[in-house]
Amino acid sequence: MTLNLLKLCVGADSVEDHKRWVDERLAVQKAAGSPPEQLHTTRMVPKRAGELLDGGSLYWVIKGNIQARQRLLDIRPFVDSSGISRCHLVLEPVLHETAWAPRRPFQGWRYLDPDDAPPDLSTDHNDADLPAELRRELAGLGLL
């Protein structure tokens, strides 16, 4: 059974802002001669890794709403230079915008059941062309 993760996207003001950050990081890796891959480091290792890697995604909460997701490609536990156990979440470097779903702040990550995950936005979706601020307001009112 597929399972997803939910995480706050700290520092990003929009999906476009997060996309720019991902592209910049991949360009730096490529310029350094490293294989370009997007890694997100987290302290805790998910215990349900098999379910996450069975088609799961990391859903990003940006400015109080789930707005995008990235497919999980791998989960790599490691110990950092200070001896602290950590985990690299390897993500597909493509962000898929989703319908907005409000979420309160939380620490770390949470599991997200596929039934609770918002659907991807498609190009024929009516609210895909709305400005981000208007989408945020409508989502806050429960209209999106």
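Since we're looking at a predicted model, the values are computed, not measured. Throughout, a residue's number is its position along its own chain's written sequence, starting from 1. A pLDDT threshold of at least 70 governs which residues receive local features in this predicted model, and a stricter bar of 80 or more applies before side-chain atom pairs are shown or counted, although totals over entire chains, interfaces and linings include all residues. The side-chain quantities take in all heavy atoms of the structure and omit both hydrogens and water.

Right, let's get into the overall build of the chain. Secondary structure counts use DSSP, requiring at least four H or I residues in a row for a helix and at least two E residues in a row for a strand, with both numbered from the N terminus. The helix and strand tally for the chain stands at three helices and seven strands. Throughout this description, buried means an accessible area under 20% of the type-specific maximum (1.4 Å probe, protein chains only), exposed means over 50%, and partly exposed covers the range between. Expressed as a percentage of its 144 residues, the buried residues of the chain come to 38%. The contacts of the chain with a sequence gap of at least 6 include a subset with a gap of at least 24, amounting to 66%. As presented, the chain carries roughly 8,300 Å² of accessible surface, and 52% of it is formed by carbon and sulfur atoms. Contacts were defined at the residue level, with two residues in contact if any of their heavy atoms lie within 4.5 Å. Areas reported as accessible are Shrake-Rupley estimates using a 1.4 Å probe. Residue values count occlusion only from the protein chains shown.

One non-glycine residue, K63, adopts positive backbone phi at about 55°. With respect to the element layout, K63 can be found in the loop between strand 3 (57–62) and strand 4 (65–79). Residue K63 is classed as partly exposed on the basis of its relative accessible area, which comes to 46%.

Turning our eyes to something else, we now look at the side chain of T98. Examined against the element boundaries, T98 turns out to sit in strand 6 (residues 96–102). The contact partners of T98, leaving out residues within four places of it in the chain, are Y59, I66, Q67, A68, R69, P118, P119, D120 and L121.

What follows is about the layout of surface pockets. Whether a set of points on the 1 Å grid over the protein atoms alone is a cavity depends on a 1.4 Å probe fitting there but being unable to get out, while an open set qualifies as a pocket with protein on both sides within 12 Å along at least five of seven lines; lining residues are those with an atom within 4 Å of a point. Grid points are joined across faces, edges and corners, and a volume is the space filled by probe spheres set on the points. The volume enclosed by the largest pocket comes to roughly 250 Å³. Lining of the largest pocket is provided by 15 residues; of these, C9, V10, H18, W21 and H40 occupy positions nearest its centre. Here the lining of the largest pocket is composed, by residue class, of seven nonpolar, five polar and three charged. Residues are grouped as follows: nonpolar covers Ala, Val, Leu, Ile, Met, Phe, Trp, Tyr, Cys and Pro; charged covers Asp, Glu, Lys and Arg; every other residue, Gly included, is treated as polar.

Counting buried residues in strand 3 gives six out of six residues, a clear majority hidden from the surface. Covered by surrounding structure in strand 3 are S57, Y59 and V61 together with L58, W60 and I62, the residues of both alternating faces. By this definition, two strands are paired if DSSP reports at least two bridges between them. The sheet contact formed by strand 1 (residues 4–8) and strand 3 spans four bridges and is parallel. Residue pairing across strands places K7 opposite W60, the latter belonging to strand 3. The pairing of strand 3 with strand 4 spans six bridges and is antiparallel. Residue pairing in the sheet places Y59 in a bridge with R69 of strand 4.

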